[in-house]
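A closer look at the structure
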Amino acid sequence: MLYNPFEQVTKSSFRELVESGYVDFVLQRLEWPDVKEKTGFLLRPYDDKEAADQHAHQLGAKEGRALQLPQDADKIESLLTTGSGYRIFLHTDIEIIKKTFPQLRDERRQLDYLENVQAITFPKYPILYKDKNSSQLALTEMEWGVLPTYIDGPKLQADRRRDINEEDMPPIFLFEMPNEKLKHYPVYTLIGYPNRPDGKHRYEAFDWEGLSPLGSDKGQTSLF
């Protein structure tokens, strides 16, 4: 089953959004492998009607629409009712999360110095977590995948570049791997060090039954 990154909306979580001050929303269809066709929707809160209308204007006639409370509250509530046959997921961002949960502690690092970037370490992604011995929520960061690292201080930049001179940089920046030397194939997972069913290393190819050949996907490629 393909991972679904969207949080499903309940009547309780919808009330929390409303209590946070949101009255403008956009409801649009969602196509996802584990969501039955024509039963999935994304609900996106907006701070003002103009932003919601701009989003809705980009959608097709049967793809979605803007909704405003209180007049459209019953429509949203009916979709969230148990047994309705529909699944509503929250389309959100960090600022919406912080506004909806004002008690949330933001433990992410605030970077003021971003002069240099080096693609050698793991990036940090924001995640929410609950304290072990209480119901308090906090916003922190988790490392996942290999992408650029932002150098946040002159000393760290100098330490990382101590063996690199200015004349060494152009060949690095201009380097391009020839297409014929690129290897591409599905693997079991790149997260952690799991025990693969076939016992092979995590970087070796894995045969996923029913997986479409690379480059021939026909699924949804955009949320809008």
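Above this text sits the structure in question.
In this text the structure is predicted, and so the values were computed from the model without any measurement.

1. A short note on a nonpolar patch on the surface
Together, Ile-172, Phe-173 and Leu-174 give the surface a local cluster of nonpolar side chains, amounting to about 390 Å² of exposed area. In this structure, Phe-173 sits in helix α6 (residues 169-174).

2. What to know about the pattern of salt bridges
Side chains carrying opposite charge are able to pair once their charged atoms draw close together. Within the structure shown, the criterion is met by three salt bridges. Two residues, Asp-53 and Lys-49, come together in a salt bridge whose shortest N-O distance is 2.8 Å. Residue Asp-53 and its partner Lys-49 are both found in helix α2 (residues 49-57); the two are separated by four residues, about one turn of the helix. Its salt-bridge partner being Asp-72, residue Lys-75 comes within 3.3 Å of it at the nearest N-O pair.

3. Considerations on the sheet that holds strand β5 (residues 87-90)
Here we have five strands laid out as an open sheet, ordered β1-β5-β3-β2-β4, and mixed in their pairing. A strand with exactly one partner marks an edge of an open sheet, and here the two such strands are β1 (7-8) and β4 (64-68). Both strand β2 (residues 24-29) and strand β3 (residues 40-46) contribute to a ladder of six bridges, which runs antiparallel. Following the sheet pairing, Arg-29 is matched in β3 by Phe-41. Strand contacts of α2: β2, β3 and β4, with the helix running at about 15° to β2, the strand carrying the most contacts.

4. Let's talk about helix α3 (residues 73-80)
The complete set of buried residues in α3 reads Ile-76, Leu-79 and Leu-80. Seen along its axis, α3 keeps its buried residues to an arc of 100°; they face one direction. In the core, the buried residues of α3 are packed alongside α1 (11-19), β2, β3, β4 and β5.

5. Some remarks on the nonpolar core
Counting residues in hydrophobic clusters, the biggest one holds 16 residues, and the most contacted among them are Phe-14, Phe-25, Leu-27, Leu-43, Ile-76 and Ile-88. Where this core is concerned, the elements lending two or more residues are α1, β2, β3, α3 and β5. At three residues, the largest contribution of residues to this core is made by α3. Excluding residues within four positions of it along the chain, Phe-25 makes contact with Phe-14, Leu-17, Leu-43, Arg-44, Pro-45, Ala-52, Arg-65, Ala-66, Leu-67, Leu-69 and Ile-76.

6. What about the pairing of β3?
With seven of its seven residues buried, β3 lies for the most part within the structure. Where burial is concerned, the two faces of β3 agree: the one with Gly-40, Leu-42, Arg-44 and Tyr-46 and the one with Phe-41, Leu-43 and Pro-45 are both buried. In terms of strand pairing, β3 meets β5 through four bridges, oriented parallel. Looking at β5, one finds that Leu-43 is bridged to Leu-90.

7. Brief notes about the packing of aromatic side chains
Given two aromatic rings, one states the distance between the centres and the angle between the planes to describe the pair. Tallying each qualifying case throughout the model produces five aromatic pairs. Look at Tyr-188 and Phe-206: their rings are 4.9 Å apart centre to centre, the planes differ by 65°, and that puts the pair in the edge-to-face class. Of the two residues, Tyr-188 is situated in the segment after α6 and Phe-206 in the segment after α6; the sequence distance between them amounts to 18 residues. Following the ring pairs from residue to residue traces out a cluster consisting of Tyr-188, Phe-206 and Trp-208. The ring of Tyr-46 has Arg-44 sitting right over it, with the charged end atom 4.6 Å from the ring centre.

Calculation notes
- Residues numbered from 1 in each chain as written.
- Predicted model: local features only at pLDDT ≥ 70, side-chain atom pairs only at ≥ 80, totals over all residues.
- Heavy atoms only, no water.
- Patch = residues over 30% accessible without salt bridge, like charges linked within 9 Å, V, L, I, M, F, W, Y side chains within 5 Å.
- Areas by Shrake-Rupley, 256 points an atom, 1.4 Å probe, with all protein chains shown as cover.
- Salt bridge = Lys/Arg side-chain N within 4 Å of Asp/Glu carboxyl O.
- Helix = DSSP H or I, 4+ residues; strand = E, 2+ residues; numbered from the N terminus.
- Pairing = 2+ DSSP bridges.
- Contact = heavy atoms within 4.5 Å.
- Axes fitted to C-alpha atoms, helices over the stretch in contact; angles between N-to-C directions.
- Buried < 20%, exposed > 50% of the residue type's maximum accessible area, 1.4 Å probe, protein only.
- Arc of directions from axis to C-beta.
- Core = buried A, V, L, I, M, F, W, Y, C linked by side-chain atoms within 4.5 Å.
- Phe/Tyr/Trp six-rings, centres within 6.5 Å; stacked < 30°, edge-to-face > 60°.
- Lys NZ or Arg CZ within 6 Å of the ring centre and 35° of its normal.

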